[in-house]
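One letter stands for each residue in the lines below.
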Amino acid sequence: MEERTRSCLLRNRSALEQDIKTSYIMDHLISEEVLNLEDEQNVKVQATQKERAALLIDLILQKDNYAVISFYNALLNEGYKELAGLLQDSLPIISTSNKSSIDGLTPYVQTVLCEGGVPQRPVVFVDRPELLQTIRNELFNLEMEPGWITLCGMAGCGKSVLAAEALRNHRVISECFPGGVHWVAVGKQDRAGILVILQNLCSRFNQGSQTYLNPPLNIEEARDRLRFFMARKYPRSLLILDDVWDNWVLKCFDVQCRVLITSRDRSISEAVAGNKFLILVQSGLSNDKGLEILARFVNLKVSCLPDEAHSIVQECKGSPLVVSLIGALLREFPNRWAYYLKQLQGKQFKRIRKSSSYDYEALDEAMAISIEVLEQDHREYYKDLSILKKDVKVPTKVLCILWEMDVEEVEDILQVFVNKSLLFCDRNKRSFRYYLHDLQLDFLTEQNHDQLMDLHVKMVHQYQKAYKNGFPSPSDEDCIYWYSFLADHMAKANLKKELYSLMFSMDWIKAKTEAMGPAQLINDFVEHRHVLDEENSTVRENFQEFLSLKGHLLVQKPFPDIVQLGLCQSDSSEVYRQAKLKAVEKAQHGAVYLEWINKTTLQNSSSLVVQLHCDAVFHACFSHDGLKIASCGADKTLQIFKSETGEKLLEINAHDDEVLCCAFSPDDKFVVTCSSDTKVKIWNSITGQLIHTYREHEEQVNCCQFTHSQHNMMLVTCSNDTLVKTWDLKGSNCKNTLFGHTEPVNHCSFSPDDQYVASCSNDGTVKLWATRSGNEWKSIDVNEQCRTSDDDEEVLLKCCLWISDGTQILAAAKSTLLIYDVSTGDMITELAISRYSNIQSCAISPTRPLLAVALSHNSVELWDMKLHKRVADCSGHLSWVHCVQFSPEGAKLLSSSDDQTVRLWEINKVHSSSAVSLVQCMDAIFQQGDMFVLVSDNKKCLQLINGKTGNVMFQSDVQDSRICCCCLNQHTNLAAFGHGDGILKVGMKSAKLVLQNIGWKMQQFQKSLLIAIGLEKGIVKVLEFPSGKTLSTLTGHTHGVQRCQFTHHEQTLISSSDDATIRVWNWHTGACKVLEGHTEQVKNFKLLRGSQLLSWSFDGTMKVWNFATGELVKNFDCHDGAVLSCDVSPDGSKVVSASADKSAKIWSLRDNVPPIVLAGHNACVRSCRFTWDNEYLATGDDNGEIRIWRVKDCSLLHICPKDVEIKDSKHGGWVTDLRFSPNSKILVSTGGYIKWWDVTTGESLQTFYTNGTNLKSIHVSSDFKTFVTIDNIGILYILKMIN
C-alpha cells in the first residue's frame, strides 16, 4: 500500500470507526475478494460496532492498494459519500492496463460502475464464462451506434448478476461506454412509478449543474430531459434497465441511446425502434457450480459437503437464485441441511425466505408475480399446464386437444407464455414443443394442488374425445406423449376403470410397444401396480410377465405380430385369452396363426429379458441397492437400466474397443469400466459424466472391482500385461502395482473386509495380496494340483471368488471349481461342473450356500455348496454365457451372453427338471388324426411324445453314446434307432415306460411302432413301442450315424454316416449292403420311386443308387463346394441341389442334359424344395434369404423378404428347411425362427419366434396344419394352425 494512502487512512481512522456499519461494507469487500469468510467471521465476533470497524480497518491496512480502492467504492455504494471524500485525494494511482487476470477489472472500471450504481457482486459469485462472453460480444455491437440489448430469462436465472458482471471489464467500459454506465432498477411499475424513476435519474445527471432547477413534471418532459443529458453530458454511455416488465416502459427511455435490458419477456423490445439484440438465459447452473456456491457460503471444500448438498443442488434445478437463497440460509444456520432439503422436496417455497438482495420476500412471490400480469383467460390456460411432466417437451397438438383449439390459436397463446419466460419452446422441423422449467412446474403444482385431479380428468376426457375410435398413429406428432403419459393421467385422475381398460388391453400393448418398445410399458405396470391389483392382480402379472419375457422381441424391425406372441402364453393367462380371440377372428379372414400345443411342458424361470446391446454382452452387475443393472460388451457401450423393468436409464459410448467389465461403487454413485483399449474409466452413474480415465495398463484390462466399503474407497484392475493394479480414487495414478503373475490376469476381487486382493491368471495360480502395501501374501498353484500325468495342457483360471467371511477362496479352471483354505492354501473341495463346456464366470449367493456358474454351452447352473450337488439348470440363452451375478438380497440372478441379452432369473422359480433338455434329433409321423414325435434328450435317452398333448408316452434306457438321428416307421408296428459305434442291435432289453404317469392304457394302441436311432459311435438300433424291446443292434459304420430311415418294406432300414458310406440293412437278419462311392461324409439321402435312393455329400456330388442291388445308377458332379440339400420334383423328373458354392442347380433324372444354374444367392445355399404341383421351387441361403423360382423357365419370382434394408432380421440365421403347402400357396421356412410366406406375393404371413434359435428342420402334416421342430436349447414346438 502506498505510504500517502496508508497515512490518509490512519489520519481519518477515528471518523471511519465512528460512523461505518461493517456488515454491508464487508459484503462488497468479500465479493471483490479483498476479504475472505474467515476475516468476516473475525470481524463479526467483536462486541461493539466500533470494535468491528476498527478491526476491519486493521485488516485493510494489511492489504494492498486494491483493498483501499475496493473500500472506497464500498463506502460510495453504501451511501458514505462524505467518508469516501476523506480518502478520495489520496487514492493510489494504478495503470488502467494492469488488469485482473480473471475478468479485466481495474480501479477505473470499479469507479465507473460504482458511480453508475451498478450492483456489486453477490457475496458468493460463481463465474459463467461462456454466457458472459456472449453478453460482452453483444455490448461491443453498441460501440459505434445506439441500440437495445435484451437479456431475457425466467425469474431467478441470474440475469441481473450476469448483466453487472459483463460490465466488469476494462475493454468494454473504455472502448464502448467511455461516458459511463447508469443502472436503473425498474421492476413492476405503473406510470407514476416510472415518472419517479425518471425524475431520480435526471436529478443524478443534473448534479453539479444548474441546467434544470426543477424536476420534470411528466414522462414526456422527463424523456426530453433524459435525451439532452445522454446526448450532451453523457455521450456514449450505457443505460441499464433492470427487470423490465412492460414494453411501454421502454418508450419512456427511448432517447436514441445505448440500452441493456434485463427482462422475463423476450418480446419486450418490440415496442421500440433501432438495433436490437436478444440473449436468452435458459440454462441453469451445472451440478458442480451449484456445489461450489454452497461450499463458498458455508466456507467448506466441495469434498467436505454433506450428502444433502448434492440433493439440494438437484432440487434447486440449476437456479442460481434458489442455490444462493439456500446457501445464505445455511451460512446463518449451518445445521439445517436436512431441513432445507425437506422444504425444497416438499415445495415449501414460502419457508425459503428472503436472505439476499433479491426483490421478493420468498421464491413463490417471484414466480407468482410473473403469472399475475397475465390476462385472466391466459392464467386459466397456464393453470392447465400444472399437470405436465418434468423435463417433457409437449407437442402443440396435445394442447390443441386439451383446449379444443386450432394449432394457430394454441401457438398464439403459448407464445405469450414464452415471451414472458413462463414457458420454453423447442422448435424442430415440423412443429413446436413446449416445456416448463422444473421450478415453474413445482410452483404451479403447489399453487393448484387442490385442482390437480380435475385437471387430469380434463386431460383424459379430451383425449378420449379426440381418439374415440383408436389410438394415435406413429405419424401423429402427439403419439409419443399419449403413449408415455396417458396411463399416468388416468391414475392421477383416479379414473380406475379407464386405467384397467387401457392397461389390460392387447391393443394398447401393441400400439405402445410398437411406438416405444416394452420397457416403459413394464414400468407402467410396476408404477400403477397398487391401482391395477385392486381390479385383478393376476391379470396384471400376466401382462407384466408377457412383456418381461417377450420384450426383447418387441424391439425388432419389422415389428412382430403381438397376437402370435400372446398365443405362446399360458392358457390361463389373460394375454392368451385376448390373443386367441383376435387370432380366431383374423384367421377367418385368411390370417395365419399358430397354437403351441405342448407349451405347458415348458417352465419359465427367467423373469426378464433385456436386449439393449447390439453385440455380445461380456459383463453385467447389480447396483448395491439392487435397483439398477449396468452391462457392457463388444459394442463398446455401457448401459444402465432398471432391474425391475429393463427401462434404459443411461447409454454411454464408453471406450474405443470392447468393454470387458463394469462395476458399481459401494455408494452406487459411480460405475467403473475397463476395456480392450487398455483404459479404465470411472463414470457418474446418474449423469454419465466421465470422472477419471486411467491409462497405466499396457494391454487389455480384463476386470475391475471396487472395495466393498465406502470408507477409503479403492479400485482394483487386472490385465493381459500380467499386472494387477490398485487405485486410490482421489488421485490420477495407481496406488500399487502388484507384480508376480507371468501370464494374463483374468479376474481380481477384494476380500470381504477389503484387506486383501485375490487374482487369478493363465499362469495357473491364484495370488493373494495385501491391499495396503501391495505385497504378495500367498500364492496357490492350481496348475500343479489340477494337471494330470496324461494332460500337459496349462490350467487357465477364469475367475476367483472369496467365500463367506474370507477364510476360503474359490477358483474356476476349465470345467472344474476348486475351493481352497486361505490360511493354509490347501484344497478343500473339487467340483466337476461339466464335461462338455468351460466355466466362464461364477457367483456366490449373499444369503444362502448357492453357487451360480456360467457355461460356454449357453446355460447357467446352480449348485448347492454344502451338498456339492447341482440343483438347477437355467436354460434360455442362445449362445455362450459370460457372466453371472446375484442380486444384493440373493433373490435374483442375472446372466449376460453372446446372444446380446441380459436375463434375470427368479431363484425360487428355477427347477431341477430344467436340467433335462432335448437335442435336435427328431422324427414325427402324422397318422389317422394322431401325431407322434420321436426325440432324443441330453441324457442320451429316447422319448416318444404324444403330439396332441405334449406328454411323454415312452422313454428309453440311457444309451452308451450320443443319439445322432432317429426315425419312426409309419407302416409297420416296429421302430429303430442308431448309435455312433457302428453297431446295429436287435434284442429284448426293456425300456422305461411312463404310460401310467399320464393315464394311458396299453389296449388303446391298435398297433405298435418301429423306432430306429443312429448313435455317435456308429451303431444303429431298432426298438419296438410300446413294449420297449430292442429288436436289433446293427454294427458296421465306423463313424457317427447321421441319418436312418425305414423303407416301405418293413424289414429294410437305410443309414448314412460320417464314414462316407450308406448301409442298407435287413434289420431282422443283420444282413447289409454297403453303398460306397462318396469320398466325404454323406450329408443326407432321399428315397425315390421303386428301389432307388438319392444321396448327396460334402464331396460336392449327388448319386442315385439301386439300394436293392447296391448298384450305383447315376453320378452327378454337382458343385465346387459341399452339397447341403437336395429335393426331387413330385413327378420324379428333376432334382435340385443346393451347395456351399452359393448356387443351386436343377438336374434331369431322365435325360443327360446340362443342369440349369440358379444364380443370385450371396451365401451358402442350404435348403431347397419343389412345390407339390412342380410349378415353383424355393431355395434358402445362410444370409436368411429365400428365393422362389418358376420351374418352367427358371425365372426368379420373389426374393423373401423383399425389404433389402433388413439385414440381421431376415430369418434370424441360416434358412435350414423349406416346406410348401399342398396347394402350393404357402411356404414355411426354418432358420433362427419359423416363417410362413405367401408364394403368390412373396409377403410374410407370420413369424413364430422360438425361445431358442438355429432350427435344423421342420416336420409338417399332410394337411399343412401341424408343424413340429426343436430349437438349439432343446425346446420342442408342436404347432397347430388356427382355423
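Computed from a predicted structure; not experimentally measured.

## What about the overall build of the protein?
- A tally of regular secondary structure across the protein gives 33 helices and 71 strands.
- Along the first, second and third principal axes, the C-alpha set of the protein runs to 135 × 75 × 60 Å.
- When the 1283 residues of the protein are sorted by exposure, 58% land in the buried category.
- As displayed, the protein offers around 53,800 Å² of accessible surface, 46% of which is attributable to carbon and sulfur atoms.
- Put simply, the protein has 134 plus and 157 minus side-chain charges, and the middle of one group is 3 Å from the middle of the other.

## Describing the environment of isoleucine 1011
- With respect to the element layout, isoleucine 1011 can be found in strand E46 (residues 1009-1015).
- Placed 13 residues apart in sequence, isoleucine 1011 and glutamate 1024 show a C-alpha to C-alpha distance of 6.2 Å.

## Looking at the packing of helix H27 (residues 506-516) against helix H28 (residues 519-527)
- Closest axis-to-axis distance for the H27/H28 pair is 8 Å, and the angle between their directions is 130 degrees. Accordingly, the angle class assigned to the pair H27 and H28 is oblique. Contacts from Trp508, Ile509, Lys512, Thr513 and Met516 in H27 reach Gln520, Leu521, Asp524 and Phe525 in H28.
- Broken down by class, the residue content of the contact of H27 with H28 amounts to five nonpolar, two polar and two charged.

## With respect to the pattern of salt bridges
- Tallying each qualifying case throughout the model produces 45 salt bridges.
- Lysine 496 is paired through a salt bridge with glutamate 534; the nearest N and O atoms lie 2.9 Å apart. Of the two residues, lysine 496 is situated in helix H26 (residues 496-503) and glutamate 534 in helix H29 (residues 529-550); the sequence distance between them amounts to 38 residues.
- When the shortest N-O distance is used, the salt bridge between lysine 642 and glutamate 647 registers 3.2 Å.
- Judged by relative accessible area, lysine 642 falls into the partly exposed class, the value being 26%.
- Of the residues examined, glutamate 647 reaches a relative accessible area of 18% and is grouped as buried.

## Let's talk about the sheet that holds strand E12 (residues 628-633)
- With antiparallel pairing, four strands are arranged side by side in an open sheet as E11-E12-E13-E14. The strands lining the two open edges of the sheet, one partner per strand, are strand E11 (617-622) and strand E14 (648-653). The average undirected angle you get between the axes of adjacent strands in this sheet is 15 degrees.
- Relative to strand E13 (residues 637-642), E12 runs antiparallel, the two being bridged by five bridges. Counterpart to isoleucine 629 in the pairing with E13 is phenylalanine 641.

## Some remarks on the packing of aromatic side chains
- Inspection of every chain in the model, using the stated rule, returns 29 aromatic pairs.
- Plain terms: the ring middles of phenylalanine 205 and phenylalanine 229 are 5.8 Å apart, the flat faces sit at 65 degrees to each other, and that makes the pair edge-to-face. Taken together, the residues span a long stretch of sequence, with phenylalanine 205 in helix H12 (residues 191-205) and phenylalanine 229 in helix H13 (residues 219-233) at a distance of 24 residues.
- When the centroid spacing of 5.8 Å and the interplanar angle of 65 degrees are considered together, the rings of phenylalanine 228 and phenylalanine 229 count as edge-to-face.

## Remarks on the confidence of the model for the protein
- For the protein, the mean per-residue pLDDT works out to 87, and 92% of the residues sit at or above 70.
- Note on residues 95-103: pLDDT is under 50 here. Beyond four places in sequence and across chains, it has 17 contacts.
- Between residues 354-358, whose pLDDT stays under 50, and residues either more than four places distant or in other chains, the model counts 11 contacts.

## What about unusual backbone geometry?
- Between lysine 557 and proline 558 the backbone carries a cis peptide bond, its omega angle lying at 0 degrees.
- Its location among the elements puts proline 558 in the loop between H29 and helix H30 (562-566).
- Cis rather than trans, the peptide bond between cysteine 1200 and proline 1201 has omega equal to -5 degrees.
- Here proline 1201 shows up in the loop between strand E64 (1195-1200) and strand E65 (1217-1220).
- A positive phi is found at threonine 722, a non-glycine position, where the angle reads about 75 degrees.

## What about the sheet that holds strand E16 (residues 670-675)?
- An order of E15-E16-E17-E18 is seen for the four strands of this open sheet, with the pairing classed as antiparallel. The sheet is open, and its two edges are formed by strand E15 (659-664) and strand E18 (690-694), each paired on a single side. Strand-to-strand twist across the sheet, computed as the mean angle between neighbouring axes with direction ignored, equals 15 degrees.
- Examined bridge by bridge, E16 and strand E17 (residues 680-684) share five bridges and lie antiparallel to one another. By the bridge assignment for E17, cysteine 674 is matched with valine 680.

## Some thoughts on the pairing of strand E56 (residues 1111-1117)
- Note: strand E55 (residues 1101-1106) against E56, six bridges, orientation antiparallel. Counted as the bridge partner of valine 1104 is lysine 1114 from E56.
- Hairpin geometry of E55 and E56 is characterised by an intervening segment of four residues between the two adjacent antiparallel strands and by a positive phi of about 85 degrees at glycine 1110.

## Considering the environment of phenylalanine 1107
- By the secondary structure assignment, phenylalanine 1107 is in the loop between E55 and E56.
- Distance in space between the C-alpha atoms of phenylalanine 1107 and isoleucine 1062 is 9.4 Å, their sequence separation being 45 residues.
- When near neighbours in sequence (up to four residues on either side) are disregarded, phenylalanine 1107 contacts Thr1047, Ile1054, Val1064, Lys1073, Leu1087, Gly1090, Ser1091, Gln1092 and Leu1093.

## Comments concerning the side chain of aspartate 478
- As for its placement among the helices and strands, aspartate 478 is situated in the loop between helix H24 (452-466) and helix H25 (479-492).
- At a separation of 2.8 Å, a polar atom in the side chain of aspartate 478 contacts the side chain of tyrosine 467.
- For aspartate 478, the side chain forms a polar contact with the side chain of tryptophan 482, separated by 2.8 Å.
- Apart from residues lying up to four places away in sequence, aspartate 478 is in contact with Pro395, Lys397, Val398, Ile401 and Tyr467.

## A closer look at helix H3 (residues 22-31)
- H3 sits mainly inside the fold: seven of its 10 residues count as buried.
- For H3, every residue scored as buried is listed here: Thr22, Ile25, Met26, His28, Leu29, Ile30 and Ser31.
- Residues of H3 that are buried in the fold lie against helix H4 (37-44), helix H5 (49-61) and helix H6 (65-77).
- Directly after H3, the chain includes glutamate 33, whose backbone phi takes a positive value near 65 degrees.

## So, helix H7 (residues 81-88)
- Within the span of H7, buried status applies to Leu83, Ala84 and Leu87. For H7, the buried positions fall inside an angular range of 100 degrees around the axis, keeping them on one side. The outward face of H7, more than 90 degrees from its buried face, is lined by the exposed residues Lys81 and Glu82.

## Observations regarding the state of the cysteines
- The final tally for this structure, using the stated rule, is zero disulfides.
- Cysteine 114 carries a free sulfur, and the closest cysteine sulfur to it, the one in cysteine 8, is 17 Å from it.
- Counting only cysteine sulfurs, cysteine 921 is the nearest neighbor of cysteine 941, a cysteine outside any disulfide, at a range of 13 Å.
- Residue classification places cysteine 941 among the buried positions, given a relative accessible area of 3%.

## Things to note about the nonpolar core
- Within the largest apolar cluster, 148 residues are counted, with the highest numbers of intra-cluster contacts made by Leu139 and Leu385.
- In contact with leucine 385, not counting residues within four places along its chain, are Leu399, Trp403, Phe417, Leu423, Leu436, Leu441 and Leu444.
- Formed by 31 residues, the second largest nonpolar core is a distinct cluster that contains Val34, Ile60, Leu61 and Leu87.

## Here we look at the side chain of serine 719
- Considering the arrangement of structural elements, one finds serine 719 in strand E20 (residues 714-719).
- The exposure class assigned to serine 719 is buried, which follows from its relative accessible area of 0%.
- Of note is the side chain of serine 719, whose polar atom sits 3.0 Å from the backbone nitrogen of aspartate 721.

Reading guide: rules and limits
- Residues numbered from 1 in each chain as written.
- Predicted model: local features only at pLDDT ≥ 70, side-chain atom pairs only at ≥ 80, totals over all residues.
- Heavy atoms only, no water.
- Helix = DSSP H or I, 4+ residues; strand = E, 2+ residues; numbered from the N terminus.
- Buried < 20%, exposed > 50% of the residue type's maximum accessible area, 1.4 Å probe, protein only.
- Areas by Shrake-Rupley, 256 points an atom, 1.4 Å probe, with all protein chains shown as cover.
- Lys, Arg positive; Asp, Glu negative; His and termini not counted.
- Charge placed at Lys NZ, Arg CZ, Asp CG, Glu CD.
- Axes fitted to C-alpha atoms, helices over the stretch in contact; angles between N-to-C directions.
- Parallel < 35°, antiparallel > 145°, perpendicular 65-115°, else oblique.
- Contact = heavy atoms within 4.5 Å.
- Nonpolar A, V, L, I, M, F, W, Y, C, P; charged D, E, K, R; others polar.
- Salt bridge = Lys/Arg side-chain N within 4 Å of Asp/Glu carboxyl O.
- Pairing = 2+ DSSP bridges.
- Phe/Tyr/Trp six-rings, centres within 6.5 Å; stacked < 30°, edge-to-face > 60°.
- pLDDT = per-residue confidence, 0-100.
- Polar contact = N/O pair within 3.5 Å; in protein donor to acceptor, adjacent residues only side chain to side chain.
- Arc of directions from axis to C-beta.
- Disulfide = S-S within 2.5 Å.
- Core = buried A, V, L, I, M, F, W, Y, C linked by side-chain atoms within 4.5 Å.

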